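Working through the structure, step by step
Okay, here's what each chain looks like letter by letter:
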Amino acid sequence: MAESIIIRVQSPEGVKRITATKRETAATFLKKVAKEFGFQNNGFSVYINRNKTGEITASSNKSLHVLKIKHGDLLFLFPSSLAGPSSEMETSTLLSLKAFGAPSVVEDEIDQYLSRQDGKIYRSRDPQLCRHGPLGKCVHCVPLEPFDEDYLNHLEPPVKHMSFHAYIRKLTGGADKGKFVALENISCKIKSGCEGHLPWPNGICTKCQPSAITLNRQKYRHVDNIMFENHTVADRFLDFWRKTGNQHFGYLYGRYTEHRDIPLGIRAEVAAIYEPPQIGTQNSLELLEDPKAEVVDEIAAKLGLRKVGWIFTDLVSEDTRKGTVRYSRNKDTYFLSAEECITAGDFQNKHPNMCRLSPDGHFGSKFVTAVATGGPDNQVHFEGYQVSNQCMALVRDECLLPCKDAPELGYVKESSSEQYVPDVFYKDIDKFGNEITQLARPLPVEYLIIDITTTFPKDPVHTFSISQNPFPIENRDVLGETQDFHSLATYLSQHTSSMFLDTISDFHLLLFLVTNEVMPLQDSISLLLEAVRTRNEELAQTWKKSEQWATIEQLCSTVGVQLPGLQEFGAVGGSAHTTASVAMWACQHCTFMNPPGTGHCEMCSLPRT
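The following refers to the structure shown. (Residues numbered from 1 in each chain as written. Predicted model: local features only at pLDDT ≥ 70, side-chain atom pairs only at ≥ 80, totals over all residues. Heavy atoms only, no water.)

Overview of the overall build of the protein
For clarity, the threshold we go by: Numbering goes from the N terminus for both helices and strands, where a helix is a DSSP run of H or I of at least four residues and a strand is a run of E of at least two. Relative accessible area decides the class of each residue, using a 1.4 Å probe on protein chains only: under 20% of the type maximum gives buried, over 50% gives exposed, and in between gives partly exposed. Pairs of residues are marked as contacts when any of their non-hydrogen atoms sit within 4.5 Å. Shrake-Rupley sampling with a 1.4 Å probe provides the accessible areas, and residues are treated as covered by the protein chains on show and by no other component.
For the protein, the helix and strand inventory stands at 17 helices and 27 strands. Put simply, the protein has 609 residues, and 44% of those count as buried. Put simply, of all contacts in the protein between residues at least 6 apart along the chain, 65% involve residues at least 24 apart. Put simply, the protein shows about 32400 Å² of open surface, and 51% of that area lies on carbon and sulfur atoms.

Shown next as structure tokens:
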């Protein structure tokens, strides 16, 4: 067997090692390079020298030995767009090509916007300390960097975590301008492709073994604030607990915007809460499979929204006469349990943050966790959290478990024949005041949590309209609140035909129109969603004249509720058809449309009343 050699290949994203043999042809070697870096065969060029001389061509006649490439040699790879004599272009675009292995990475709009901002903290001239003219600058008034810790600590309240974009500015600042910055995702798994020994559990080496992890407080956070657009969004979610006493779960839908209170900060604005199928008790929650999950995301995207987080309640009534709740989550107990941290980490792994500075194309997550729980004043408070990137890695690689009898403690699994788990440590203070390193078995989950301020605006924002008798929320059959055509007809009867846009601008109503089993409008509702997104009354009135909405109105009229403007539309669209449709009745059991004069359903044979 030919002796193996290792050749280093340097690219704009870093150095990688390629295993080859001396007798291997240049063409075979270049195929290995293309596979390792994720390129097409003609998407790059490899040179022996840094100044782009001595190009290695895909020859099947020349071996590495003939090209005088030896074990440990360093070759230089350049993409096709950079291959050429211009080193100036390479220098100017090097920073934007850190994620060279993932050239199709498209960051979120808010990330693209913040990356173009100056971000510096400008200060006015101090009349007591500054001794220069109005055009001068000194140490007392010179602009500060967005990651200045003294400035963040002196804010009210103090900010413990800088924003993610401020953290990037800190990495890319200095003389090298972040030339060697690469945001690496933590991995707790054995690296594949190591051929020097038998696979685990029969062998492992320092090349494939994952590094030990020491848990540290994360200096930055991907989201700096959670803001509910108005109190109605949160109150309707809390109504379930108020009426049943059972805990509840929901997904937060909204958008990411700039948070101006923190330099280069990001805010998650919540416009609606979707409640998936679930089973809730007074002290537990169980999520069920949701067949409508993809449709909900699709509708939200057409409304200019996205899933930004999840929310759950942990409320126990203390005094029903005063309306107080128990203050149970505090520094003496826990803020998030280990099970909740694992759930948050799983959600964050499913919603990664796209980042061009990461070789993987993603780094961390903007997905937030909101908890409705009792506060120090025994009133309902909303608390926001994320888990650190270290916690995300432990959850993704299935290394972290909850403790059954201690919710504030997690437990890092031990290595077994099926899985190798790296050692995880955290630092603590012993009874003598000395800093000691402890093995994370068990692990206080405070090392994994990042807190986020949760607020409501002084001036409420309304993406969707507010009604005194709103349309029922989905999956609340246990309360007797069902989404059907009777509830739709009752809701529509409260409004006049001239207020169609305000009437139809309800997130839960739009979901019902798309997902109902009798008359789903998934293929014909795009125009209405665009009208709601842009607040265009004329566009909404145009959609109202469609055949689909006429059918919806006729279905509503069969349940015995007269809709305003229905006769007017019938005069335009054909009165004979309208009269015939009204005379028909819908079965309450199977929704089959029966002809007039019958007392039993022709489909299920059940009585009409």
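Some remarks on helix H10 (residues 485–492)
Along H10, six of the eight residues are buried, which leaves the element largely enclosed by surrounding structure. Among all positions of H10, only Phe485, Ser487, Leu488, Ala489, Tyr491 and Leu492 are buried.

Concerning the side chain of Thr515
For the record, the criterion: Side-chain atoms alone can form a polar contact between residues adjacent in sequence; in general such a contact is a pair of N or O atoms within 3.5 Å, and within protein one must be able to donate a hydrogen while the other accepts it.
Looking at where Thr515 falls in the secondary structure, it is placed in helix H12 (residues 507–515). Here the side chain of Thr515 touches Leu511 through a polar contact of 2.6 Å, landing on its backbone oxygen. Contacts of Thr515, omitting those with residues within four sequence positions, involve Lys292 and Val295.

What about the pattern of salt bridges?
Rules: Whenever a carboxyl oxygen of Asp or Glu lies within 4 Å of a side-chain nitrogen of Lys or Arg, that contact is scored as a salt bridge.
All chains considered together, the criterion is met by 24 salt bridges. Linking Lys32 and Glu24 is a salt bridge whose minimum nitrogen-to-oxygen distance equals 2.8 Å. Here Arg329 makes a salt bridge to Glu340, at a shortest N to O gap of 2.7 Å. On the criterion of sequence distance, the pair formed by Arg329 in the loop between strand S15 (324–325) and helix H8 (338–350) and Glu340 in helix H8 is long-range, its members being eleven residues apart. On the basis of relative accessible area, Arg329 is assigned to the buried category, the value being 7%. Take Glu340: its relative accessible area is 15%, and that puts it in the buried class. One network of salt bridges, in which partners are shared, links Asp108, Asp111, Arg306 and Lys366.

Looking at the state of the cysteines
For clarity, the cut-off: When two cysteine sulfur atoms are found within 2.5 Å, that pair is recorded as a disulfide.
For the structure on display, the rule yields zero disulfides. Cysteine Cys138 shares no disulfide, and the gap to the nearest cysteine sulfur, in Cys130, comes to 3.6 Å. Not part of a disulfide, Cys194 finds its nearest cysteine sulfur in Cys205, a span of 3.3 Å.

Thoughts on the packing of aromatic side chains
Cut-off, in case you're wondering: Pairing of aromatic rings covers Phe, Tyr and Trp, the last through its six-membered ring, and needs centres within 6.5 Å; plane angles under 30 degrees mean stacked, over 60 mean edge-to-face, and all others mean tilted.
Considering all chains together, one arrives at 25 aromatic pairs under this definition. A ring pair is formed by Phe164 and Phe363, whose centres lie 6.1 Å apart and whose planes are at 20°; its orientation type is stacked. Here Phe164, found in helix H5 (residues 164–172), pairs with Phe363, found in strand S17 (residues 362–365); they are 199 residues apart in sequence, far enough to count as distant. Comparing Phe164 with Phe363, the two get one shared label, buried. Plain terms: the ring middles of Trp310 and Phe347 are 5.2 Å apart, the flat faces sit at 55° to each other, and that makes the pair tilted. One end of the pair, Trp310, is in strand S13 (residues 306–314); the other, Phe347, is in helix H8, and 37 residues separate them in sequence. Phe347 sits in the buried class, given a relative accessible area of 7%.

Section: a positive patch on the surface
In plain terms, the rule: Patch membership requires more than 30% relative accessible area and the absence of a salt bridge. Residues of like charge join within 9 Å; the nonpolar side chains Val, Leu, Ile, Met, Phe, Trp and Tyr join within 5 Å. None of His or the chain ends enter the tally, which takes Lys and Arg as positive and Asp and Glu as negative. Taken as the charge location is NZ of Lys, CZ of Arg, CG of Asp or CD of Glu.
Residues Arg8, Arg17, Lys191 and Lys207 make up a contiguous surface patch of positive charge. Secondary-structure assignment places Arg8 in strand S1 (residues 4–11).

Focus: the nonpolar core
Here is the rule: To form a nonpolar core, buried Ala, Val, Leu, Ile, Met, Phe, Trp, Tyr and Cys residues must be joined to one another through side-chain atoms within 4.5 Å.
In this structure, Leu488, Phe507 and Leu513 are the most contacted members of the largest nonpolar core, which totals 72 residues. Among the elements that line this core, the one with the most residues is H12, at seven residues. Leaving out residues up to four positions away in the same chain, Leu488 has contacts with Phe471, Leu509, Phe512, Leu513, Ile552 and Cys556. In this structure, Val223, Ile273, Val308 and Val368 belong to the second largest nonpolar core, which totals 26 residues.

A word on the pairing of strand S9 (residues 249–259)
Definition in use: Paired strands, in this sense, are two strands between which DSSP finds at least two bridges.
Taking burial as the measure, the eleven residues of S9 include nine buried ones, the bulk of the element. Pairing between S9 and S13: six bridges, direction antiparallel. Among the inter-strand pairings, Tyr253 is bridged to a residue of S13, identified as Lys307. When S9 meets strand S10 (residues 265–274), the two strands line up antiparallel, connected through nine bridges. Looking across to S10, one finds that Tyr251 is bridged to Tyr274.

Describing the sheet that holds strand S20 (residues 400–402)
This is how it is decided: Fitted lines through C-alpha atoms serve as axes, helices being fitted only where they are in contact, and the angles separating the N-to-C directions of these axes extend from 0 to 180 degrees.
Ordered in space as S20-S21-S24, the three strands form an open sheet in which the pairing is antiparallel. Here the strands that pair on one side only, and so sit at the sheet edges, are S20 and strand S24 (443–444). Bridge count for S20 against strand S21 (residues 409–412) is three bridges, and the pairing is antiparallel. Among the inter-strand pairings, Leu400 is bridged to a residue of S21, identified as Val412. Across the sheet, H8 is in contact with S20 and S21; its angle to S20 comes to roughly 140°.

With respect to the packing of H10 against H12
Helix packing geometry: the angle between the two helix axes and the distance between the axes. What counts here: By definition in this entry, angles of less than 35 degrees are roughly parallel, angles greater than 145 are roughly antiparallel, angles of 65 to 115 are roughly perpendicular, and the rest are oblique. It is the rotation of the near helix from the far one that decides the hand of a crossing: anticlockwise by less than a right angle makes it left-handed, clockwise makes it right-handed. Basically, the charged four are Asp, Glu, Lys and Arg, the nonpolar ten are Ala, Val, Leu, Ile, Met, Phe, Trp, Tyr, Cys and Pro, and anything else, Gly included, counts as polar.
Contact geometry of H10 with H12 gives a least axis separation of 12 Å together with a crossing angle of 135°. Considering the angle they form, H10 stands oblique to H12. For the crossing formed where H10 meets H12, the hand is left-handed. Contact with H10, carried on its side by Phe485, Leu488 and Tyr491, involves Leu509, Phe512 and Leu513 of H12 and no other residues of that element. Partitioning the contact of H10 with H12 into residue classes produces six nonpolar, no polar and no charged.

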